[in-house]
Amino acid sequence: MRKRFLAIGFACAGMFFLMIFMTIGFLGDTVHYPYLSMEDGWRLRGTIRNAQGVDEHIEMENMKVSELPRGSKGDYIQVSAELPDMGDIPFPTLVFETRYAAYEVSVDGIVVDRYDTDAIGTRKFVGSSYHFVTLPEEYVGKYVTLTIHRTENRAGKALGNVYIGAHEDMESMLLHENFFALGCGFFLIVFGLSFMFLTLIYLSRVPELLAQLVGSTICAVLGMLLITNDHVSFLFMNADVGTTIDYMAIYALLPLGYLLLEALHVEHRIPTRVYRGFAGATILAVFAIYALHFLNVVHMNRLLFVYYAIVVVGMFIMLLDVIKNVKEKKLTPVAVVTLLGLSALIICLFLNMANFVLWRAGASFLDRETGRNFIPLGAMIFAASQIVNYLSFISESGTRQKDYASLQNIAYADTLTGLANRARADKIFEELDRSREDYCLVSVDVNGLKDTNDRLGHAAGDRLLREYAQALKANFGDEELCARMGGDEFLVVMKRTNADGFGVRLRRLYNDLDEMNERDKTLFRSAAIGYAFRHECHGGDAHTVYLLADERMFENKREQHIRYRIKERV
């Protein structure tokens, strides 16, 4: 068992590093032309609502983008700067980040781009993203003006980093800065959705796969979070859509964690009723937040810090449950691996959340670039635990299938002859009754078994039955069923034959018995046989057809007893 888990662990590590190297190659830093961060030199004009709720006009000269003031919904600011000479670069582009704000860009008073300006003064949600604005060919020395309209209260700074450079280089630069999160995100989406699909196929037959289904869903949600987080989904989707998906994924993780613990049948540290009440309330709160957002009452970004408080409590409860169950060894190894992966994810999410809150307060313990790698790291550890569980489940499933096949063979096989037994024949009869096709039932009775047992002993009688079963299987083994019904009675179910075809097989059987009698004269091998087709018993079931075949077998048996002078049973 240990060697198997080690092999699985190394395989997961290999897949992880292969994915990282492939991502580095795909999203490598392929900047060909110079680019510049326009951090300072901006002139600010605008109207901002102060803490007392009064609008005030502000003007600032030679300021940095990072020094832009925070504000509230309805504020607007204009920042202007002279465009620098970047040399001979293709498609000169201005790249900047907005957060919950509409904007308009003009060069020397001529509008060149605008975004979501129809949302100004409405409740419409405006997301956060990087934006690419292509500049005029003669841009050098001209002044660019960014007019920013805030659409959310207490949403931080409306304008982030501003760069100028070649369009393709700007995309490459941003993708390279976020290659780890993006690579992990796409891997998790493909992995999660693929295994969700496979799990759903077999879930009705294997209820134990519910935990794997929830785990796969968590992986897919984490993937969506990673490719939309930090506003780098500009290449794949609209800013409003990307930001909405980002927040939906954040809010969904805690309810999915609760569902995973329930699917694993984890014993809780706190009373079960209290735990389920808290989990249920959290799930209802998440759906309420979704509804408020899409109804444009209160958007999800406004409730994030309230949700963080719920998340901290939920993470603490989950970690207590993990410690309790792992320590008391009440779960299967697969469940333990899942819980350890979930614990790593919870810790990384907590560190990311703490660093984000401190960063907003200006006192983070890590820079933002480093701190945002916590989520992809925890997500990949959790995904690795799911891969281990899937591979272990497949291995255990193979063992279970072998055990099931062995038990099924014991349940439906005759131990003396190796043919099917009466229980298996009854199953086949049920299938025949549900079918509309014609079929033939052959009733077979071995002659002289009692006489052989009396004269030569039961060992000889057993040998007679085994040899006859071999001959029967050799001539009818490709049919639906060859079974021993008990004692000296046998049955053959034929679906693909007629009377002529049955006659050919019967003659081959008699020839085989005669050859066996010639080789070994200690036993006399013969059998009485009768057969009947379904169409001969209108409206009858398989048992009715079998009774007709049995009657004909007894008629044949009486003839053979007279011909071979076999004693009747007493």
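1. Let's talk about the overall build of the chain
Per the secondary structure count, the chain includes 15 helices and 14 strands. Looking at the 570 residues of the chain, the share that counts as buried comes to 48%. Pairs at least 24 apart in sequence give 76% of the contacts found in the chain among residues at least 6 apart. About 28800 Å² of surface is accessible on the chain, with carbon and sulfur atoms providing 58% of the total.

2. Notes on a negative patch on the surface
Taken together, the side chains of E430, E431, D433 and D541 make up a negatively charged region of the molecular surface. Examined against the element boundaries, E431 turns out to sit in helix α11 (residues 422–434).

3. Details of helix α3 (residues 179–203)
The terminal C-alpha atoms of α3 lie 35 Å apart, and with 25 residues this matches the ideal 36 Å at 1.5 Å per residue to within 8%. Every buried residue of α3 is listed here: F180, A181, L182, G183, C184, G185, L188, I189, F191, G192, M196 and T199.

4. Things to note about the confidence of the model for the chain
Taken as a whole, the chain shows an average pLDDT of 82; of its residues, 87% reach a score of 70 or greater. Here helix α1 (residues 2–26) is the element of the chain with the lowest mean pLDDT, 55, and strand β6 (residues 101–107) is the one with the highest, 93.

5. Let's talk about the packing of aromatic side chains
Scanning all chains against the criterion turns up 14 aromatic pairs. Measuring from centroid to centroid gives 5.9 Å for F305 and Y308, while their planes differ by 75°, and the two rings are edge-to-face. Of this pair, F305 and Y308 both sit in helix α7 (residues 304–328), three residues apart, which is roughly one turn of that helix. An aromatic cluster is defined as three or more aromatic residues linked by ring pairs; in this entry it consists of F96, Y103 and Y115.

6. A word on the nonpolar core
Judged by nonpolar contacts, the single largest core of 58 residues is most densely connected at L188, I218, L222, Y251, L260 and F382. Secondary-structure elements contributing two or more residues to this core are α3, α4 (210–228), α5 (239–263), α6 (272–294), α7, α8 (333–361) and α10 (374–412). For Y251, the residues in contact, after removing those within four places along its chain, are V286, I289, Y290, M300, L303, L304 and Y307. With 35 residues, the next largest nonpolar core counts Y115, A119, V126 and V133 among its residues.

7. Looking at the environment of N421
Along the polypeptide, N421 turns up in the loop between α10 and α11. The buried category is assigned to N421, whose relative accessible area is 14%. In this structure, the C-alpha to C-alpha distance between N421 and L481, residues 60 residues apart in sequence, is 10.0 Å. Looking at N421, its side chain comes within polar contact range of the main-chain nitrogen of R424, at 3.0 Å.

8. Details of the packing of α4 against α5
Put simply, α4 and α5 touch, their axes get as near as 8 Å, and they point 160° apart. Viewed along their axes, α4 and α5 adopt a mutual orientation that is roughly antiparallel. In this structure, the crossing between α4 and α5 has a hand that is left-handed. For the pair α4 and α5, the contacting residues are L210, A211, V214, G215, T217, I218, V221, L222, M224, L225 and T228 in the first and G242, I245, D246, A249, I250, A252, L253, L256, G257, L259, L260 and A263 in the second. In the contact of α4 with α5, the residues fall into 17 nonpolar, five polar and one charged.

Reading the values: the criteria
Residues numbered from 1 in each chain as written. Predicted model: local features only at pLDDT ≥ 70, side-chain atom pairs only at ≥ 80, totals over all residues. Heavy atoms only, no water. Helix = DSSP H or I, 4+ residues; strand = E, 2+ residues; numbered from the N terminus. Buried < 20%, exposed > 50% of the residue type's maximum accessible area, 1.4 Å probe, protein only. Contact = heavy atoms within 4.5 Å. Areas by Shrake-Rupley, 256 points an atom, 1.4 Å probe, with all protein chains shown as cover. Patch = residues over 30% accessible without salt bridge, like charges linked within 9 Å, V, L, I, M, F, W, Y side chains within 5 Å. Salt bridge = Lys/Arg side-chain N within 4 Å of Asp/Glu carboxyl O. Lys, Arg positive; Asp, Glu negative; His and termini not counted. Charge placed at Lys NZ, Arg CZ, Asp CG, Glu CD. Expected span 1.5 Å × (residues − 1). pLDDT = per-residue confidence, 0-100. Phe/Tyr/Trp six-rings, centres within 6.5 Å; stacked < 30°, edge-to-face > 60°. Core = buried A, V, L, I, M, F, W, Y, C linked by side-chain atoms within 4.5 Å. Polar contact = N/O pair within 3.5 Å; in protein donor to acceptor, adjacent residues only side chain to side chain. Axes fitted to C-alpha atoms, helices over the stretch in contact; angles between N-to-C directions. Parallel < 35°, antiparallel > 145°, perpendicular 65-115°, else oblique. Left-handed = near helix turned anticlockwise from the far one by under 90°. Nonpolar A, V, L, I, M, F, W, Y, C, P; charged D, E, K, R; others polar.

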